Amino acid sequence: MTEAHAGGTRANGNRPKGPRCIALVGPFQSGKTTLLEAILARTGAIQRQGSVEAGTTIGDNSKEARHHAMSVELSVATTTFMDESYTFIDCPGSIEFIHDMRAVLPAVDAAVVVCEADEKKVPQLQLVLRELEEMKVPHILFLNKIDKADKRLRETLQMLQPASRVPLLLRQIPIWRNDIVTGFVDLALERAHVYREHIASEVIELSGEDLEREKTARFTMLETLADHDDELMEQLLEDIPPPRDKVFDDLAMEMREGLVCPVLIGVATRTNGVLRLLKALRHEAPNVDSTAARLGVKANGAETVAYVLKSINTAHGGKMSVARVLAGQVGDGTTLNSQDREAGRVSGVFKMMGQAFEKRGAAQAGETVALGKLDNARTGDTLASGKDNPKRLAEVVPYPPVLAISIAAKERKDDVKLGQALNKLVEEDPSISVVHNPDTHEVILWGQGEMHLRVAAERLTDRFGIAIEKRQPSVGYRETIKKSVQQRGRHKKQSGGHGQFGDVVLDIKPLPRGSGFQFAETITGGVVPKNYIPSVEEGVIDGLKQGPLGFPVVDVSVTLIDGSYHTVDSSDQAFRTAGRIGVVEALPQCHPVLLEPIHAVEIVCPNDATAKINAILSGRRGQILGFDTREGWPGWDSVKALMPESEIGDLIVEIRSATAGVGTFTFKFDHMAELTGRTADQIVAARRAAE
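Everything numeric here is computed off the predicted structure, so don't read it as measured data. Each chain carries its own residue numbering, running from 1 in the written order of its sequence. Local features in a predicted model are, by the rule used here, given only for residues with pLDDT of at least 70; side-chain atom pairs are given and counted only at 80 or more, and totals for whole chains, interfaces and linings are based on all residues. To get the side-chain values, take all heavy atoms of the structure and skip hydrogens and water.

Some remarks on the overall build of the chain
And step 1. Secondary structure summary: the chain contains 18 helices and 34 strands in total.
And step 2. When the backbone C-alpha atoms are referred to their principal axes, the chain occupies close to 110 × 60 × 45 Å.
And step 3. Looking at the chain as a whole, 55% of its 691 residues are labelled buried.
And step 4. Contact definition: two residues touch when any of their heavy atoms are within 4.5 Å. For the chain, the share of sequence-separated contacts (at least 6 apart) that also reach a separation of at least 24 residues comes to 73%. Each helix is a run of DSSP H or I of at least 4 residues and each strand a run of E of at least 2, with the numbering of both proceeding from the N terminus. Exposure is judged per residue with a 1.4 Å probe applied to protein chains only, and the accessible area is read against the type maximum: over 50% gives exposed, under 20% gives buried, and values in between give partly exposed.

Okay, here's the thing in structure tokens:
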């Protein structure tokens, strides 16, 4: 093997150069924001390293992130290391905010997966690694908090390996003194370092047991690399020490091609291991050339191509589109098109440092910047400067929503303002969706979990200044009938001049479940003129909108069988009213019963939580249909069940609690089922009390 893939060459020749974009990803509370802070401090971008606990970090500096002490959105910061520009994107670790991470991954050069030696977080790690593997994003695993490790590194790797489809390749091993990690050995450089807090580590000589551990660990690393390099395999078999350049070539190539996931160690709070991580990214991570090739960018000459990582609506600067320039350049005044519309004319190019924007000059290929006032650009859009609309480079579809709240402005005067704010929320975060329920006239906000919706509601109040009311969305109850009835509906009113007269006889019958509503007429002799019959049907529909139990009536057949009319006083409105009266008076005699919507639910979870999930389903009137292994996900199960819609409301809260935050579910309507007894009585009573 003599060449790496596009975007990288031999380590002893011209390595990849130019601005890089690196995502910091990983499980919730693994130390990503702290690592970003350590990188910025180590590279001189900030004078002093802040802390998450003190609320002094560059990342997580929004009001919501500070309040909840967790990442709830992207943090972007650009710095310089050894005269090269790097933009780091700190991505939220919670599954509820994971779309922010998924949306940026297509256009980053590489990702640093920050994790710790915590068995409970292995399923979270698997979710993150699966996204990287599916999108073919090169990645390095940074094993953080190594100072708090309670097991040997080999045991930790065995614990973490099931989360990765490719081998976790140990690049460093710790130096232990009195059960405390005091430094590390770089297996590629064959060099030992002792940690010094907040300054560069000190190189030391290895001897005795440490030297033997280094030789064993290095040979294991080389064996793994040799699985994809016959020449290296021959050298190992013949006991020939491979050249150091060749080792670095293989490390870079196999990481870029997704054949291995290198593992580095450190302590972000003390910046231990951060310099080694930066050097690994500098020498081994691909640059924008390979990222553009991976995405299939085909820029024509000087044409600009960029990808929108995130849309942000700022209080004073208006809309900002965080974008990675993949080809050409973007400057103030550049007009850009997206794949289906004109995105707009750039009004300012900005460098980002957390939530601070600093105006700068034109951005070149590889740079990650914020572009001002591209009002029609959306997260995930492909932008180009050519006359033709570009093809979409990547499409990241949000996970299906799992929790909903009904929201309304406390003041009617804020209704329009609320609609505009919701549009901006969805624009910033496509994993939020807004649904208008025409039956209940509710505005339903759907999201990825309890905290996701809480943060969205806080933003409506804090950022957009709208006081809102929240409540549980209405369940789609219906009612039907069990008995047939014939009923006359008569409307007669005289008030001087033309009166109102309409008279109908309706035959009302139950229909099989799922049939909906059917209307027919068997009028003979013109007792109800043909031109009034559509009005009768409209009146019947009006009468079915709310039955005697308080809900829309379904699975009913209504036939107009008789009636009478007046040549002067009859009208469309009179017959519509007569039809409604007939239905309303008949329904209480038809033995009305309550129907509740039943949904088909599929829950995915780590298999050690399957028993808990089954118990949750049973406790929520769920009918378990069975479970099986989740296809393509070792260690996971898929549980299928039928469950009433009323029980699905906050189901995700229990699922996340039972699965260390990683379980989720999808659902779709299956059928309506009759509901009787105390539960039905309580629902009807609550409906009447609300009227």
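Now that the structure has been shown, the text picks up again.
Some points on the sheet that holds strand S27 (residues 485–493)
The pairing of strands in a sheet comes from backbone hydrogen bonds and takes either a parallel or an antiparallel form.
And step 1. Here the rule is simple: two strands pair whenever DSSP picks up at least two bridges between them. With mixed pairing, the four strands of this open sheet are ordered in space as S27-S28-S30-S29. Each of the sheet's edge strands pairs with one partner strand only, and the pair in question is S27 and strand S29 (517–521). Taking the axes of each pair of neighbouring strands and ignoring which way they run, one obtains an average angle of 25° across the sheet.
And step 2. As paired elements, S27 and strand S28 (residues 500–510) share nine bridges and run antiparallel to each other. Within the sheet, the bridge partner assigned to His491 lies in S28 and is Gly502.
And step 3. To obtain each axis, a line is fitted to C-alpha atoms, and for helices this fit is confined to the stretch in contact; angles are then taken between N-to-C directions over 0 to 180 degrees. Running at roughly 150° to S29, helix H13 (residues 533–544) makes contact with S28, S29 and strand S30 (556–564) of the sheet.
And step 4. Taken strand by strand, helix H14 (residues 572–586) contacts S27, S28 and S30, and its axis lies near 40° from that of S28.

Some details on the packing of aromatic side chains
And step 1. Only Phe, Tyr and Trp rings take part, Trp by its six-membered ring, and two of them pair if their centres are within 6.5 Å. Stacked means planes under 30 degrees apart, edge-to-face means over 60, and tilted covers everything else. Counted under the stated rule, the structure contains nine aromatic pairs.
And step 2. Consider the rings of Phe81 and Tyr86, whose centres lie 6.4 Å apart with planes at 65°: the pair is edge-to-face. Like Tyr86, Phe81 is buried.
And step 3. Centre to centre, the rings of Phe184 and Tyr195 are 5.8 Å apart; their planes meet at 40°, and the pair counts as tilted. Of this pair, Phe184 sits in strand S8 (residues 180–186) while Tyr195 sits in strand S9 (residues 191–196), and the two are 11 residues apart along the sequence.
And step 4. Using a relative accessible area of 11% as the deciding quantity, one classes Tyr195 as buried.
And step 5. Put simply, the rings of Phe81, Tyr86 and Phe88 pair up and form one aromatic cluster.

Side note on the packing of helix H6 (residues 208–226) against helix H7 (residues 230–237)
The description of two packed helices rests on the angle between their axes and on the distance between the axes.
And step 1. Interaxial distance between H6 and H7 falls to 8 Å at its minimum, and their mutual angle equals 140°. The pairing of H6 with H7 is recorded here as oblique in orientation. Taken together, the residues of H7 that come into contact with H6 (itself represented by Phe219, Leu222, Glu223, Leu225 and Ala226) are Asp230, Leu232, Met233 and Leu236.
And step 2. Residue classes in the contact of H6 with H7 are distributed as seven nonpolar, no polar and two charged. Roughly parallel covers angles under 35 degrees, roughly antiparallel covers those over 145, roughly perpendicular covers 65 to 115, and oblique covers all other angles. Gly is placed with the polar residues, together with every amino acid not listed as nonpolar (Ala, Val, Leu, Ile, Met, Phe, Trp, Tyr, Cys and Pro) or charged (Asp, Glu, Lys and Arg).

Describing H7
Within an α-helix, residues lying three or four positions from one another point in the same direction, as the helix has 3.6 residues per turn.
And step 1. Among the residues of H7, Leu232, Gln235 and Leu236 are the ones counted as buried. Here the buried residues of H7 occupy an arc of 100° about the axis, which is enough to place them on one side. Counted as exposed and oriented over 90 degrees from the buried face of H7: Asp230 and Leu237.
And step 2. Here a polar contact is taken to be a pair of N or O atoms separated by no more than 3.5 Å, where protein atoms must pair a possible hydrogen donor with a possible acceptor and residues adjacent in sequence count only if both atoms sit in side chains. Taking the backbone nitrogen of Glu231 as reference, a side-chain oxygen 3.0 Å away marks Asp229 as the first, capping residue of H7.
And step 3. Two residues or fewer after H7 comes Asp239, characterised by a positive phi angle close to 60°. Arc definition: it is the arc formed by the directions from the helix axis to the C-beta atoms.

A short note on the packing of H13 against H14
And step 1. Relative orientation of the contacting elements H13 and H14 amounts to 40°, with a least axis distance of 7 Å. Taken as axis vectors, H13 and H14 run oblique relative to one another. In this structure, H13 meets H14 at a crossing whose hand is right-handed. Here Ser535, Val536, Glu538, Gly539, Val540, Asp542, Gly543 and Leu544 of H13 come into contact with H14, specifically with Asp572, Phe575, Arg576, Gly579, Arg580, Val583 and Val584.
And step 2. Grouping the constituent residues of the contact of H13 with H14 by class yields six nonpolar, four polar and five charged. In this scheme the handedness of a crossing depends on how the near helix is turned from the far one: anticlockwise by less than a right angle means left-handed, clockwise means right-handed.

Points about the nonpolar core
And step 1. Buried residues of nine kinds, namely Ala, Val, Leu, Ile, Met, Phe, Trp, Tyr and Cys, make up a nonpolar core once their side-chain atoms join them within 4.5 Å. Residues Val25, Ile89, Leu105, Leu132, Leu143 and Ile146 are the most contacted members of the largest nonpolar core, which totals 80 residues.
And step 2. Contact partners of Leu105, with chain neighbours within four places excluded, come to Ala23, Val25, Glu131, Leu132, Met135, Val137 and Arg294.

Looking at the sheet that holds strand S23 (residues 433–437)
And step 1. As summarised here, the arrangement of the four strands in space is S23-S24-S22-S25, forming an open sheet in which the pairing is antiparallel. Since the sheet does not close on itself, it has two edges, and those belong to S23 and strand S25 (468–471), each with one partner. Geometrically, the sheet is characterised by an average inter-axis angle of 35° between neighbouring strands, direction not taken into account.
And step 2. The sheet contact formed by strand S22 (residues 403–409) and strand S24 (residues 442–447) spans five bridges and is antiparallel. Its bridge partner lying in S24, Leu403 is registered against Gly447.
And step 3. Sitting on the sheet, helix H11 (residues 415–428) is in contact with S22, S23, S24 and S25, with an inclination near 145° to S22.

Considerations on the confidence of the model for the chain
And step 1. Scored between 0 and 100, pLDDT is the confidence that the predictor attaches to each residue. Overall, the prediction assigns the chain a mean pLDDT of 91, with 97% of residues at 70 or greater.
And step 2. Segment residues 1–13 is flagged for pLDDT under 50; beyond a separation of four residues in sequence, or across chains, it makes 34 contacts in the model.

Observations concerning the pattern of salt bridges
Pairing between side chains of opposite charge can happen when the charged atoms of each approach one another.
And step 1. Within this document, salt bridges are pairs made up of a side-chain nitrogen of Lys or Arg and a carboxyl oxygen of Asp or Glu, the two lying within 4 Å of each other. Applying the stated rule across the entire model yields 46 salt bridges.
And step 2. The residue Arg177 makes a salt bridge to Asp210 at a minimum N-O spacing of 2.8 Å. Placement of the pair is Arg177 in strand S7 (residues 172–177) and Asp210 in helix H6, with a sequence separation of 33 residues.
And step 3. Of the charged contacts in the structure, one is a salt bridge between Arg490 and Asp503, with a shortest N-O distance of 3.7 Å. Taken together, the positions of Arg490 in strand S27 and Asp503 in strand S28 put the pair 13 residues apart, joining distant regions of the chain.

Observations regarding the pairing of strand S31 (residues 593–606)
And step 1. Buried residues dominate S31, accounting for 12 of its 14 residues.
And step 2. Here strand S26 (residues 478–480) runs beside S31; their pairing, made up of three bridges, is antiparallel. The partner of Arg478 across the bridge, within S31, is Leu595.
And step 3. In this sheet, strand S33 (residues 636–644) lies alongside S31 in antiparallel orientation, the contact comprising nine bridges. Bridged to Glu602 within S33 is Lys640.

Focus on the pairing of strand S2 (residues 75–81)
And step 1. For S2, the tally of buried residues reaches six of seven residues, placing the bulk of the element in the interior.
And step 2. Sheet topology places S2 next to strand S3 (residues 84–90); seven bridges connect them, and they run antiparallel. Counted as the bridge partner of Thr79 is Tyr86 from S3.
And step 3. As consecutive antiparallel partners, S2 and S3 are separated by two residues, and within that stretch Met82 has a phi angle of approximately 50°, a positive value.

A few points about the environment of Pro390
And step 1. Inspection of the secondary structure assignment puts Pro390 in the loop between strand S21 (382–384) and S22.
And step 2. As a C-alpha pair, Pro390 and Lys298 span 92 residues in sequence and 9.6 Å in three-dimensional space.
And step 3. If sequence neighbours within four positions are ignored, Pro390 has contacts with Asn337, Ser338, Gln339, Thr382, Leu383 and Ala384.

Overview of the side chain of Glu116
And step 1. Within the fold, Glu116 resides in the loop between strand S4 (110–115) and helix H4 (122–135).
And step 2. Of note is the side chain of Glu116, whose polar atom sits 2.7 Å from the side chain of Lys121.
And step 3. A polar contact is formed between the side chain of Glu116 and the side chain of Lys145, at a distance of 3.3 Å.
And step 4. With sequence-adjacent residues up to four places away left out, Glu116 is seen in contact with Gln29, Ser30, Lys121, Leu143, Asn144, Lys145 and Leu160.

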